[in-house]
Amino acid sequence: MIDVINLEKHFGDNEVLRGIDVTINKGDIVVVIGPSGSGKSTFLRCLNCMEDPTGGQIIFNGVDIADMKVNINVHRRHMGMVFQHFNLFQNKTVIQNIMLAPVYLQCQDLRKDKRYNRWTKFTNIFRGKNKKELRQITTDAATIKREAKENAMSLLKRIGLEDKADAYPSTLSGGQKQRVAIVRSLAMNPDVILFDEPTSALDPEMVGEVLDLMKALAKEGMTMVIVTHEMGFAKEVATNVIFIDEGKILESGEPKEFFGNPKNPRLKEFLSKVLA
Amino acid sequence: MGNFGLKVNRFYEIFVEQNGYVKVLEGLKNTLLIAVIGLIIGIAIGTLIAAIRTIPQYKVLPRVLNGICSVYVGIFRGTPMVVQLLVFYYVMLPLMGVKMTGVQVSMIVFGLNSAAYISEIMRSGIMSVDSGQMEAGRAVGLSYGTTMMKIVIPQAVKNILPTLGNEFIALIKETSVVSFVGATDLYVAFNYIGSNSYEFMVPYLVMALIYIVLVLIITLGIKTMERSLRRSDRRH
């Protein structure tokens, strides 16, 4: 689903990523680990072009999204992202946070289709026999809104926060915020979700609830790319673990082999520090 | 204080019996109109400028636009309002061959002038919003413009509302220079009463009172707005 080919990123003279090649298939749960400053967060942020790559390709569903000419907004709809600091929209309630993007984007598409149809109807007058087909419009703004709301409520029910639907994010605890952020990205029905250290800013007792939700998603077959320091989680859930240091992948493999029998000396040193 | 009583009587005479109040009402209307329309134009253009100036500057177009905006802000912050009014009224209008009343000119110039200040206020407001908000908007597939409009600017406005109120108050008070282009504002109205009665003490005192009351009302309005906008900050 995602093919990363020789990905490079530098900020000025600072080379952060120096040629990364990864293939992520549907249903994979890729956990990226590495010391701080290794480029693992940058790698994740390059995957949805939050940072524009300076070299290489990212083929997502057949399109190279690293190409600056591609309309990245279209592809980001299919890539959820969860941030270390949650980044819920502060001026929106919980349910608005979840509904905003689906409703806005679907209504935008609807308007585009309607505009196209109006124009085509007009030009068809002059077209004689071979008239252009109109696009099918099967929905309207009210339906989109209602369905998005139902979907948002069922997502909130899933994380047990339906009573917080009309609360503002500032009234939630860290764990609640992060779970809302996860279902916000789920509301777009993404093909893949990117997690950028989702538990690093949480109190220890709230880490569990967020990891549980992520495990549940993993079980449902959601494709995930996760940057994390939770080694236990990586061991348990990952299908593939990647170790990045100094902008390169030094080792990758299945968690059993990766943690049980690390080969790269840098990884051995890192694991001995982290797991100690 | 007998003298003062006499002065009040004289003011009353002109104000009520010789229709001075009509002039004052017209002045009040113009003062408010110029300040409100000026503020609206200022917010619209100022927000646009601020949004343009906060676009990341790696492409050519944003850089060019940013340059234009800085020149605009430089010009309008670098000259006094009176000078702008005079230049617009006596230089620009004849050059363009357009006829406008003093009030219309004042509205436009006040709008353009406050846009320069509001753009800087708004820019600081936008920069005070956590960059994660923009990232989160972009990550769910919203465009830069949409995220700006729906997420960042509403939060920015909340942060800068007190400063924006200041700007409005400053505008109200600065309308006292529009007589330079022949518009009737509060100052002109009371000046008219004063010169008709040869007595300026009471008219100017009343004028000062009206300005204070106006500003107090605005302050109250802004406080109410702030409170309702700050809902999202508190538990409830």
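Residues numbered from 1 in each chain as written. Chains lettered and ligands numbered in written order. Predicted model: local features only at pLDDT ≥ 70, side-chain atom pairs only at ≥ 80, totals over all residues. Heavy atoms only, no water.

Caption draft 1: Structural context of the overall build of chain A. Looking only at helices and strands, chain A features nine helices and 10 strands. Oriented by its inertia axes, the alpha-carbon framework of chain A measures out at about 75 × 45 × 35 Å. Counting the 276 residues in chain A, one finds 53% classified as buried. A separation threshold of at least 6 residues defines the contact pool for chain A, and within that pool the share at least 24 residues apart is 67%. Of the roughly 13200 Å² of accessible surface on chain A, 48% is carried by carbon and sulfur atoms. Positive and negative side-chain charges of chain A, numbering 38 and 35 respectively, have mean locations separated by a distance of 9 Å. (Helix = DSSP H or I, 4+ residues; strand = E, 2+ residues; numbered from the N terminus. Buried < 20%, exposed > 50% of the residue type's maximum accessible area, 1.4 Å probe, protein only. Contact = heavy atoms within 4.5 Å. Areas by Shrake-Rupley, 256 points an atom, 1.4 Å probe, with all protein chains shown as cover. Lys, Arg positive; Asp, Glu negative; His and termini not counted. Charge placed at Lys NZ, Arg CZ, Asp CG, Glu CD.)

Caption draft 2: Summary view of a nonpolar patch on the surface. All names here are of chain B. Side chains of Val83, Val87, Tyr90, Val91, Met92, Leu95, Met96 and Val98 sit close together on the surface and give an oily, nonpolar patch of about 720 Å² of accessible area. Mapped onto the secondary structure, Val91 falls in helix H4 (residues 81–96). With relative accessibility at 39%, the residue Val91 sits in the partly exposed group. (Patch = residues over 30% accessible without salt bridge, like charges linked within 9 Å, V, L, I, M, F, W, Y side chains within 5 Å. Salt bridge = Lys/Arg side-chain N within 4 Å of Asp/Glu carboxyl O.)

Caption draft 3: Just the layout of surface pockets, in detail. Its boundaries defined by the atoms lining it, the largest pocket holds a volume of some 1100 Å³. Lining of the largest pocket is provided by 36 residues; of these, Asp52(A), Pro56(B), Tyr58(B), Arg138(B) and Tyr144(B) occupy positions nearest its centre. The set of elements that each furnish at least two residues to the lining of the largest pocket consists of helix H2 (72–76) of chain A together with helix H5 (102–128), helix H6 (131–139) and helix H7 (144–174) of chain B. The residue makeup of the lining of the largest pocket, split by class, is 18 nonpolar, six polar and 12 charged. Counted as a void, the second largest pocket has a volume near 260 Å³. Looking at the second largest pocket, the residues that line it are Leu39(B), Ile43(B), Met122(B), Val157(B), Leu161(B), Leu164(B), Gly165(B), Phe168(B), Ile218(B), Gly221(B), Ile222(B) and Met225(B). Tallying contributions element by element places H7(B) first for the lining of the second largest pocket, with five residues. (1 Å grid on protein atoms, 1.4 Å probe; cavity = no way out; pocket = protein on both sides within 12 Å on 5 of 7 lines; lining within 4 Å. Points joined across faces, edges and corners; volume = space filled by probe spheres on them. Nonpolar A, V, L, I, M, F, W, Y, C, P; charged D, E, K, R; others polar.)

Caption draft 4: Spatial organisation of the interface of chain A and chain B. Contacts between the two partners involve 26 residues from chain A, matched on the other side by 23 residues from chain B. Both faces combined, the contact of chain A with chain B buries some 2200 Å², and carbon together with sulfur accounts for 57% of it. Sorting the residues of chain A by area buried against chain B places Phe89(A), Asn91(A) and Tyr168(A) first, and these three jointly supply 22% of that buried surface. Applying the counting criterion to the chain A and chain B interface returns one salt bridge. For the salt bridge of Arg45(A) with Glu135(B), the shortest nitrogen-to-oxygen distance reads 2.8 Å. Linking chain A to chain B there are eight residue pairs in polar contact (both at pLDDT 80 or more). Put simply, the parts of the chain that give the side of chain A that touches chain B at least two residues each are H2, strand S6 (79–82) and helix H3 (94–124) of chain A. If one sorts the elements of the side of chain A that touches chain B by residue count, H3(A) sits on top with four residues. For the side of chain A that touches chain B, the class distribution of residues is 13 nonpolar, seven polar and six charged. (Buried area = accessible area lost by both parts, 1.4 Å probe. Polar contact = N/O pair within 3.5 Å; in protein donor to acceptor, adjacent residues only side chain to side chain.)

Caption draft 5: Geometry of empty space enclosed by the protein. Evaluation of the coordinates by the stated rule reveals one cavity of 30 Å³ or more. A volume near 30 Å³ is recorded for the largest cavity. If you trace the largest cavity, you find it lined by Arg76(A), Arg77(A), Met79(A), Gly80(A), Ser185(A), Met188(A), Pro190(A), Ala139(B) and Val140(B). Considering only residue class, the lining of the largest cavity consists of five nonpolar, two polar and two charged.

Caption draft 6: Representation of unusual backbone geometry. Residues and elements named next belong to chain A. Positive phi, normally seen in glycine, also occurs at Asn6, with a value near 50°. With respect to the helices and strands, Asn6 occurs in strand S1 (residues 2–11). The exposure class of Asn6 is partly exposed, given its relative accessible area of 37%. In this structure, Asn87 is a non-glycine residue whose phi angle is positive, near 55°. Mapped onto the elements of the fold, Asn87 is located in the loop between S6 and H3. Given the relative accessible area of 6%, Asn87 is considered buried.

Caption draft 7: Local environment of the pairing of strand S3 (residues 29–33) of chain A. Residue and element names in this part refer to chain A. Here S3 lies mainly inside the structure; five of its five residues are buried. Of the two faces of S3, the one holding Ile29, Val31 and Ile33 and the one holding Val30 and Val32 are both buried throughout. Judged from the four bridges that link them, S3 and strand S8 (residues 223–227) form a sheet pairing that is parallel. Among the inter-strand pairings, Val31 is bridged to a residue of S8, identified as Ile226. Bridging between S3 and strand S9 (residues 240–245) involves four bridges; their strand directions are parallel. Opposite Val32, over in S9, you have Ile242 as the bridge partner. (Pairing = 2+ DSSP bridges.)

Caption draft 8: A look at the sheet that holds strand S4 (residues 55–60) of chain A. Residues and elements named next belong to chain A. Strand order in this open sheet of four strands is S2-S1-S4-S5, and the pairing throughout is antiparallel. With one partner strand each, in any of the chains shown, strand S2 (14–24) and strand S5 (63–64) form the two edges of the open sheet. The sheet contact formed by S1 and S2 spans eight bridges and is antiparallel. Across the sheet, residue Val4 finds its bridge partner in S2, namely Val22. On top of the sheet, helix H1 (residues 40–47) reaches S1, S2 and S4; it is set at about 120° to S1, its chief contact. (Axes fitted to C-alpha atoms, helices over the stretch in contact; angles between N-to-C directions.)

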